[in-house]
Structure formats: C-alpha cells, structure tokens
Amino acid sequence: MDLELTPEQTMIRDTARDFATREVLPHARAIDREHRYPREIIAKLGGLGLMGVAVPQTWGGAGMDTVSYALALEEISRACASTGVIMSVNNSLVCGPLLAHGTDAQKNALLPDLASGRKLGCFALSEPESGSDAGALRTIAHPVDAAGGGWILNGTKNFVTNGPVADVVILLASTDPAAGAKGISAFVIDARNPGLKFGPPDDKMGIRGAPSSQLFLTDAVVPADAILGTPGSGYKIALAALDGGRIGIAAQALGIARAAFEEATRYSLERKTFGQAIAQHQAISFKLADMCTEIDAARLMLWRAAVKKDQGGRYTTEAAMAKLLASEVANRAAKEAVQVFGGYGYLTDFPVERHYRDAKITEIYEGTSEIQRLVIARGVLQA
C-alpha cells in the first residue's frame, strides 16, 4: 500500500484541520457542557463538502475517496468528538447506503441536501431487544392493502444518533418475519412523517453534542418507493453500511486519541516536578511513547481499510480490525492522558476528562469490541 497521500488527500486533510482548529475546537467544551447540537458548524462542514465526502460533486458532495473521508473525520474528531460522529453518521450510514442502493429518484431528492449540510440523516437499526443481534428486529412493516401500495410501520428504535435533529431516516424493519434476516428491508423515511416520534434526547456520559434518542413508529405510513434497494435486502444493506461506518468510528476514535495525546504532551512539557518538566521523567515519557506508537498503528490500519474499500473489494475484516484497535487505543490514550495531568485531569477545566468520556462509546456503537472480534475471527477462520 502506498503510504504517500495524494495532493487531493493532503488538501482535504489540511482543509479539515484548519477548519477544526479555527471553527470547532473553540466551541468543543461548550458543546459538551451544554449538550448543544453544533448546528452552525454542521452547516459549514456541508459547505466544505464534508457532510458527503464520497458523494459526487454533482450532488453537493466533495467527490473524494474513503481515505480522504478518514483523514477529514480524524481532524474534526480531534477538535470535537460530538461533531465527528454527527459527520460520520451522515456520511457512512446515510449517504453511503443511498449512493450504493438508492434509485435515481431517491438520490436526486435527498443527496444534494444531505451532502451540503442543509439536511441531516440518521440510521435506525438498534432496538430495545435487538442491538448486537441485528437480525432479530421486532419493528414490522406491513403492506398497505390499497391501490398504490406502501407500508405501515410499527416498532421502537434505540440510540438513534442525530435522531432528534434529523430530516431523513434510514430505517430497518421486517417485511417478512418468517424469513428472519432475509425478511428485513431498508426504508428511507421523511423524519416529519406523522407516524414517527422521537423520544427525549438521551442523557449520555460523552459525545453530548451529538443528540440521540429512541424512535417510536405508530402506524407510520410510507409509500412504496420508500424501500431502499429491494424488499428483503435490508440486512445486507445494513451490514455493508456498518462496514463503512466502522471506518468512520475508527477515524473518530483516532481523533480522540490524538487529542488526548497532544494535550498530554503539551502539559508534560509545561508541568514541572523535582526541578524538571514531567516529560523528562521516564514514567511519563514512556506513556507518551506508547500513546504515539499505538496511534500510528491504528492510523495505518484505518488507512488500509479505507484503501480496501476504495478498491471495491470486501473489507469487512479490515474495517472491524481498524475499529477494534482504534477504539481501544482511544480509551487507553485518554486514560493515560488523565493520568499525566494528575488531579487536574479529573477536573472539567481541562479537556482530557472530556476525551476520556467521549472515548468509551467508540468501543460500543456500530458494533461493540466483542462483536468486532467475532467478525474478525469469522474472517480468519473462513480465509
């Protein structure tokens, strides 16, 4: 794999880095403390094409590759993990499935607004009794017995990131319960549908600026053309979306890890004990060495998964590996950053406690670390 970035990739990384430093980082603490959805920032990200990095420019996106997406998302997440996951969901779990499986009418109607940041998407898969077991959905879609067809949906979804502020919902429901996973279909639904109701925002430990909630469907009627792909193909669509989503979460985790490492490095050079900067103490310098090494390893694994995706081949195992490693590196880096800061690291006056809280979710959503290990093991044993 060529580890040299192209001029285009370097440009999007530098653009995202500059934007994150100027426009995102100064607001990150307030976004977290106030549980504030960063609406203005998301609109500006859309203006840069970063809400639809892989969406062709004709539909308002940046028309770039997955490596560019990973680079940009790392930079945004380094400044604010909440903003990063909002961007990740819209790119990986909404624009991605629409690009891969949408009809021309669906793409023309939705992608320009989603990629430009004028609208926001969410992905509704998990349920109260169906999280890691994505094939055990209880949300049901019954066909409408009338001219023109359509579907009536009933059920409950959990942990819908972007849900309370979303305009578009990609939702998985069973259209043939007897068929199990092969009876699951994907739907594209207007969030203003009167049969949809989002619950109150979840009160979370971290990523507090990225609102999530339950979604309740009560006799929600959608037209026949709301199906994404074909009836019964929803499970495969969801798994493919999650493969791409794991690249996004790996990039988010990498950004969190880098932020923690940079803060710890800066502080260790300023803080003095026993007559010298604490960076000069082996106990601290070894922590920094381990953090730097693990972050670089996670980045290389992320880039490999992104390249594999861009090449058009199967990348399920590589994405799971990248997500597993990057999320665990983020948690270790954030934990050690708090330790480097000592008592100050436990105070909300300093950003490392926020990184510590934000990092944990990367081991859970879009497939827990345990699920990633199952995916990786399956790939190894079937090789």
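Scroll up to find the structure this text is about.
What counts and how
Residues numbered from 1 in each chain as written. Predicted model: local features only at pLDDT ≥ 70, side-chain atom pairs only at ≥ 80, totals over all residues. Heavy atoms only, no water. Helix = DSSP H or I, 4+ residues; strand = E, 2+ residues; numbered from the N terminus. Rg over C-alpha atoms; globule rule 2.2 N^0.38 Å. Buried < 20%, exposed > 50% of the residue type's maximum accessible area, 1.4 Å probe, protein only. Contact = heavy atoms within 4.5 Å. Phe/Tyr/Trp six-rings, centres within 6.5 Å; stacked < 30°, edge-to-face > 60°. Salt bridge = Lys/Arg side-chain N within 4 Å of Asp/Glu carboxyl O. Axes fitted to C-alpha atoms, helices over the stretch in contact; angles between N-to-C directions. Parallel < 35°, antiparallel > 145°, perpendicular 65-115°, else oblique. Left-handed = near helix turned anticlockwise from the far one by under 90°. Pairing = 2+ DSSP bridges.

**Brief notes about the overall build of the chain**
Helix and strand counts for the chain stand at 11 helices and 10 strands. Compactness check: the chain gives a C-alpha radius of gyration of 21 Å against a globular reference of 21 Å for 383 residues, within 12% of the reference. Projected onto the principal axes, the alpha-carbon positions of the chain cover approximately 80 × 45 × 40 Å. Out of the 383 residues in the chain, the part that is buried amounts to 55%. Of the contacts made within the chain by residues no fewer than 6 positions apart, 72% connect residues no fewer than 24 positions apart.

**Quick notes on the environment of Pro-26**
Summarising the element assignment, Pro-26 is placed in the loop between helix H1 (7-24) and helix H2 (28-33). By relative accessible area, which is 54% here, Pro-26 ends up exposed. For the pair formed by Pro-26 and Ala-79, sequence separation is 53 residues and the distance between their alpha carbons is 8.4 Å. In this structure Pro-26 touches Ala-20 and Thr-21, once residues within four positions along its chain are discounted.

**Examining the packing of aromatic side chains**
Applying the stated criterion across every chain yields a total of 4 aromatic pairs. Ring plane angle 15 degrees and centroid distance 4.2 Å describe the contact between Tyr-267 and Phe-341, whose orientation is recorded as stacked. Of this pair, Tyr-267 sits in helix H7 (residues 234-270) while Phe-341 sits in helix H9 (residues 316-341), and the two are 74 residues apart along the sequence. Through a chain of ring-to-ring contacts, the aromatic side chains of Tyr-267, Phe-341, Tyr-344 and Phe-350 assemble into a single cluster.

**Regarding the pattern of salt bridges**
Within the structure shown, the criterion is met by 28 salt bridges. Overlapping salt bridges bring together Arg-17, Glu-74, Glu-75, Arg-78, Arg-258, Glu-262, Asp-296 and Arg-299 as one network.

**Describing the packing of helix H8 (residues 282-310) against H9**
Taken N-terminus to C-terminus, the directions of H8 and H9 make an angle of 160 degrees; their axes are 9 Å apart at the nearest point. It follows that H8 is roughly antiparallel to H9 by the angle criterion. The crossing of H8 and H9 is left-handed.

**A word on the pairing of strand S4 (residues 168-174)**
Most of S4 sits out of view: 7 of its 7 residues are buried. By the alternation rule, side chains of S4 split into Val-168, Ile-170, Leu-172 and Ser-174 and Val-169, Leu-171 and Ala-173, which are all buried. Where strand S1 (residues 121-124) meets S4, 4 bridges bridge the pair, whose relative direction is parallel. Paired with Cys-122 across the strands is Val-169, a residue of S4. Bridge count between S4 and strand S5 (residues 184-190): 7 bridges; the pairing is antiparallel. Each bridged residue has a counterpart across the sheet, and for Val-169 the counterpart in S5 is Ile-189.

**Points about the side chain of Glu-328**
Examined against the element boundaries, Glu-328 turns out to sit in helix H9. Other than its neighbours up to four places away in sequence, Glu-328 contacts Glu-363, Ser-369 and Arg-373.

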